[in-house]
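Chain residues, written in single-letter form:
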Amino acid sequence: MTEAALVQDPVAATRLWLERAVIGLNLCPFAKAVLAKQQLRFVLSDASTPDALLSQLGEELLLLRDTPADQVDTTLLIHPHVLADFLDYNDFLDKADALVDALGLDGVLQVASFHPDYQFADSAADAVENFTNRAPFPTLHLLREDSVSRAVDAFPDPDAIVERNIETLRALGVDGWRSLLE
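Residue positions are given per chain, counting from 1 as you read along its sequence in written order. Only residues with pLDDT of at least 70 get local features here, since the model is predicted, and only at 80 or more are side-chain atom pairs given and counted; chain-wide, interface and lining totals rely on the full set of residues. Excluded from the side-chain calculation are hydrogens and water; included are all heavy atoms of the structure.

Enquirer: Can you walk me through helix H4 (residues 50–66) in this structure?
Expert: Residue pairs spaced three or four apart in an α-helix point in one direction, given the helix's 3.6 residues per turn. Segments assigned H or I by DSSP are reported as helices when at least four residues long, segments assigned E as strands when at least two residues long, and all are numbered from the N terminus. Expected helix span is computed as 1.5 Å times (number of residues minus one). Along its 17 residues, H4 runs 24 Å from first to last C-alpha, staying within 8% of the 24 Å computed at 1.5 Å per residue. Elements in contact with the buried residues of H4: strand E1 (40–44), strand E2 (74–78), helix H5 (86–102), strand E3 (109–114) and strand E4 (139–144). Note on contacts: a residue pair is in contact if any heavy atoms of the two residues lie within 4.5 Å.

Enquirer: What should I look at first to understand the nonpolar core in this one?
Expert: One recurring pattern in soluble globular proteins is that nonpolar side chains are buried together. Ranked by size, the top nonpolar core spans 23 residues in total, and within it Leu53, Leu57, Leu61, Leu77, Val111, Leu140 and Leu142 carry the most contacts. Elements represented by at least two residues in this core include exactly H4, H5, E3 and E4. Considering every element that reaches this core, the biggest residue donor is H5, with seven residues. Beyond its immediate stretch of four places on either side in the chain, Leu61 contacts Leu99, Val100, Leu103, Leu105, Leu109, Val111 and Leu142. Counting residues in each nonpolar core, the second largest holds 22 residues, with Leu18, Ile23, Leu35 and Ile78 among its members. Among buried residues, the Ala, Val, Leu, Ile, Met, Phe, Trp, Tyr and Cys ones that are joined through side-chain atoms within 4.5 Å form a nonpolar core. Relative accessible area decides the class of each residue, using a 1.4 Å probe on protein chains only: under 20% of the type maximum gives buried, over 50% gives exposed, and in between gives partly exposed.

Enquirer: For this particular structure, what's the right way to read the environment of Ser123?
Expert: Within the secondary structure layout, Ser123 lies in the loop between E3 and E4. Apart from the residues lying within four places of it in its own chain, the contact partners of Ser123 are Glu129 and Asn130. Here the side chain of Ser123 touches Phe120 through a polar contact of 2.7 Å, landing on its backbone oxygen. Between N or O atoms, a polar contact is any pair within 3.5 Å; within protein, one atom must be a potential hydrogen donor and the other a potential acceptor, and residues adjacent in sequence are included only when both atoms are from side chains.

Enquirer: Would you explain the pattern of salt bridges in this entry?
Expert: For side chains of opposite charge, pairing can occur when their charged atoms come near one another. By definition here, a salt bridge exists when the distance from a side-chain nitrogen of Lys or Arg to a carboxyl oxygen of Asp or Glu is within 4 Å. Enumeration according to the criterion identifies five salt bridges in this entry. Here Glu129 ties to Arg170 by a salt bridge, and the two come within 3.6 Å at their closest N and O atoms. A residue pair is termed long-range when its members are at least 10 positions apart, and Glu129 in the loop between E3 and E4 and Arg170 in helix H7 (residues 160–180) qualify at 41 residues. Residue class for Glu129 comes out buried when judged on its relative accessible area of 18%.

Enquirer: Just checking my understanding: could you explain a negative patch on the surface for this structure?
Expert: Patch membership requires more than 30% relative accessible area and the absence of a salt bridge. Residues of like charge join within 9 Å; the nonpolar side chains Val, Leu, Ile, Met, Phe, Trp and Tyr join within 5 Å. Each accessible area is a Shrake-Rupley result for a 1.4 Å probe, and residues are judged covered by the shown protein chains and nothing else. Positive charges come from Lys and Arg alone, negative charges from Asp and Glu alone, with His and the N- and C-terminal ends not counted. All charge positions are set by atom: Lys at NZ, Arg at CZ, Asp at CG, Glu at CD. Among the surface-exposed residues, Asp85, Asp88, Asp91, Asp94, Asp97, Asp101, Asp106 and Asp117 lie close enough to one another that they form a single negatively charged patch. Structurally, Asp94 can be placed in helix H5.

Enquirer: I'm lost on the sheet that holds E3 in this one. Help?
Expert: Within a beta sheet, neighbouring strands are joined by backbone hydrogen bonds and run either parallel or antiparallel to one another. Ordered by their spatial adjacency, four strands build an open sheet running E1-E2-E4-E3, and the pairing between neighbours is mixed. Lying at the two open borders of the sheet, with one neighbouring strand each, are E1 and E3. Between one strand axis and the next, the sheet turns through 20° on average, direction left out of account. A pair of strands is labelled paired if DSSP reports no fewer than 2 bridges between them. Inspection of the sheet shows E1 paired to E2 by five bridges, in the parallel sense. Among the inter-strand pairings, Phe42 is bridged to a residue of E2, identified as Leu76. Contacting E1, E2 and E3, helix H2 (residues 10–23) crosses the sheet at an angle of about 145° to E1. In this analysis an axis means a line fitted to C-alpha atoms, helices contributing only their contacting stretch, and an angle means the value between N-to-C directions, from 0 to 180 degrees. The strands touched by H4 within the sheet are E1, E2, E3 and E4, with E4 carrying the most contacts at an inclination of about 25°.

These figures come from the coordinates and say nothing about function on their own.
Shown next, in the form of structure tokens:
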């Protein structure tokens, strides 16, 4: 798929990022199985306001809650038309967590975050470790707490994942990251 086509197709761009970066670099050792089993739901949001996105997030959280894990274990809610600014996106995450709590899903589901301009606190904007959470478009990742716990329990040293990811990205560099996704 050409770069122009990917820009027009956020789901295809996100799938490419997932396959080449997240799975290809083994940034998340748990992602490959969920994709291979077709238990990953890609949802393209047409929301253009944070309130509309919050409403759709609620619908997706309830759908995930009500769907057996062997059918849909996790969801990527890709929202290219809202929260392009990382600081606004980061502020929105508090609302997402509050919604999880309001729906009585705390301890059942969680929302993880990916953004093209993701920046960890106390890191420089251009620091390569930020790329562990950089997706082509703003994306909310809905996860089942039970699935996360099982995956972490089955992994020999889950605490080493973050440090290994940083080492991988430092070795790859920003130019290597960009070429990976071309």
